[in-house]
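Single-letter residue listing:
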Amino acid sequence: MSSAKPQPKTDDDMKAVLERWPVSRETQDRLAAYAALVRTWQKHINLVAPSTVPTLWSRHIEDGLWLDEVAGPVQHWVDIGSGGGFPGLVLACFAAERAGHHVDLVEANAKKSAFLRTVIRELALPATVHCQRIEAAGPVLGRADAISARALASLDSLLGLVSPSIQPKTVCYFLKGRAHEGEVADATAHWHFDMVKHPSRTEAESVILEIGNCRPMAA
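Residues numbered from 1 in each chain as written. Predicted model: local features only at pLDDT ≥ 70, side-chain atom pairs only at ≥ 80, totals over all residues. Heavy atoms only, no water.

A closer look at the confidence of the model for the protein
Put simply, the rule reads: Summary of the metric used: pLDDT quantifies the predictor's per-residue confidence within the range 0 to 100. Contacts were defined at the residue level, with two residues in contact if any of their heavy atoms lie within 4.5 Å.
Per-chain confidence: the protein averages 93 in pLDDT, with 95% of residues scoring 70 or above. Low pLDDT, under 50, characterises residues 1-8; the predicted model gives this stretch five contacts beyond four residues in sequence or across chains.

Here it is as structure tokens:
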């Protein structure tokens, strides 16, 4: 007989996350509608790992709530490699209550881009999807106050993708897991940057790396 514990019910997962990260009723409603759309579309395209669907709130949505607290209100986010919208669409749910705030989502996969546009339309979010590779999204990156990325690439690669286009004042927020120490060490061989490490409340090995003033090492 398996000793594995059953997955918590979806409603219990949502309740636990919202107890850790209280949000307004309007934002909660938007997040719940977003989660419902993820579950519907997940039957047709792979937005998240299937095993994580029952814990969608704690495995995926919560990262966006955490990032919003770390970064504070950002007028213009650019989320790269957006995939199923984590954390970009979560940030857009917050932006819907902040006048003049906007989120751009860069995602090269056409099916995932269609999903992102559907969520934006149905939830009336202040966000725009750019169905293109990050390397081609220079003008979008150049308008960012802050850039986010989750489970996309190594820190070294991420800095290489964004640094040619971003403004000096732009701050990057990269959500990382257990390998982040090695990634930071690798990146420092090629880049100068300022960094603040924000540890997770719930996952001992998870961090948000806040990166600023990034420039390549002199050849």
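Continuing now.
Brief notes about the nonpolar core
Here is the rule: Nonpolar cores are built from buried Ala, Val, Leu, Ile, Met, Phe, Trp, Tyr and Cys residues. Side-chain atoms within 4.5 Å join them into one set. In this scheme, a residue with accessible area under 20% of its type's maximum is buried, one over 50% is exposed, and one in between is partly exposed, where area comes from a 1.4 Å probe on protein chains only.
Core analysis: the largest hydrophobic core is formed by 44 residues, its most contacted members being Tyr 34, Trp 77 and Phe 115. Leave out the neighbours within four places in its chain, and Trp 77 touches Leu 67, Ala 71, Leu 91, His 102, Val 103, Asp 104, Ala 146, Ile 147, Ser 148 and Tyr 173. One finds Val 140, Ala 149, Ile 166 and Trp 191 within the second-largest nonpolar core, a separate group that totals 24 residues.

Things to note about helix H7 (residues 155-162)
To keep it simple, the criterion reads: Only DSSP runs of H or I covering at least 4 residues are called helices, and only runs of E covering at least 2 are called strands; the numbering of each starts at the N terminus. The reported arc concerns the directions from the helix axis to the C-beta atoms and nothing else.
Inspection of H7 places Leu 155, Leu 158, Leu 159 and Val 162 among the buried residues, and these make up the whole buried set. Buried residues of H7 fall within an arc of 100° about the axis and therefore sit on the same side.

Description of the side chain of Asp 79
For the record, the criterion: Think of it this way: Lys and Arg go in the positive column, Asp and Glu in the negative one, and His and the chain ends go nowhere. Counted as salt bridges are all cases of a side-chain nitrogen of Lys or Arg within 4 Å of a carboxyl oxygen of Asp or Glu. Nitrogen and oxygen atoms within 3.5 Å of one another constitute a polar contact, given that in protein one can donate a hydrogen and the other can accept it, and given that sequence-neighbouring residues count only through two side-chain atoms.
Along the chain, Asp 79 falls in strand E1 (residues 76-80). Salt bridges are absent for the buried Asp 79, whose nearest opposite-charge side chain, Arg 150, sits at 8.7 Å. At 2.8 Å, the side chain of Asp 79 forms a polar contact with the side chain of Ser 82. Those residues in contact with Asp 79 that lie beyond four places of it in its chain are Pro 87, Gly 88, Asp 104, Leu 105, Val 106, Ser 148 and Ala 149.

Comments concerning the UniProt feature "binding site: S-adenosyl-L-methionine" (unreviewed entry) in the protein
Quick reminder of the rule: UniProt positions are given in the numbering used here, feature names are shortened, and annotations may be inferred rather than shown by experiment. In the cavity and pocket records, a cavity denotes points on a 1 Å grid over the protein atoms alone where a 1.4 Å probe fits but cannot get out, a pocket denotes an open set with protein on both sides within 12 Å along at least 5 of 7 lines, and lining residues are residues with an atom within 4 Å of a point.
The UniProt entry lists Gly 81, Phe 86, Ile 134, Glu 135 and Arg 150 under the feature "binding site: S-adenosyl-L-methionine" (unreviewed entry), expressed in the numbering used here. Lining the largest pocket, from the residues named above, are Gly 81, Phe 86 and Arg 150. You can see Gly 81 is positioned in the loop between E1 and helix H4 (88-95). When residues no more than four places from it in sequence are discounted, the contact partners of Gly 81 are Val 106, Glu 107, Ile 134 and Leu 152. Tracing the sequence through the fold places Glu 135 in the loop between strand E3 (127-130) and helix H6 (138-141).

Quick notes on the pattern of salt bridges
Tallying each qualifying case throughout the model produces eleven salt bridges. Of the charged contacts, one joins Arg 25 and Asp 29 as a salt bridge, the two residues approaching to 3.3 Å between their closest N and O atoms. Placement of both Arg 25 and Asp 29 in helix H2 (residues 25-42) is noted, with a separation of four residues, approximately one turn of the helix. A relative accessible area of 54% means that Arg 25 is categorised as exposed. Note that Glu 97 is salt-bridged to Arg 30, the shortest N-O span being 3.5 Å. In this pair, Glu 97 is assigned in the loop between H4 and strand E2 (102-106) and Arg 30 in helix H2, connecting sequence segments 67 residues apart.

Quick notes on unusual backbone geometry
Here the residue pair Phe 86 and Pro 87 is connected by a cis peptide bond, since its omega of 5° sits within 30 degrees of zero. Locating Pro 87 in the fold gives a position in the loop between E1 and H4. A positive phi angle, close to 55°, is found at Ala 124, a residue other than glycine. Locating Ala 124 in the fold gives a position in the loop between helix H5 (110-123) and E3. Non-glycine residue Ala 151 carries a positive phi angle of around 50°. Tracing the backbone through its elements, the reader meets Ala 151 in the loop between strand E4 (146-150) and H7. Judged by relative accessible area, Ala 151 falls into the exposed class, the value being 75%.

Section: the layout of surface pockets
Heads up, the condition is: Grid points are joined across faces, edges and corners, and a volume is the space filled by probe spheres set on the points.
Its boundaries defined by the atoms lining it, the largest pocket holds a volume of some 760 Å³. Around the largest pocket, the lining is made up of 30 residues, and of these Arg 59, His 60, Asp 63, Arg 150 and Ala 151 lie nearest the centre. Looking at the lining of the largest pocket, the elements that each hand over two or more residues are helix H3 (56-71) and strand E5 (171-176). A per-element tally of the lining of the largest pocket places H3 first, with six residues.

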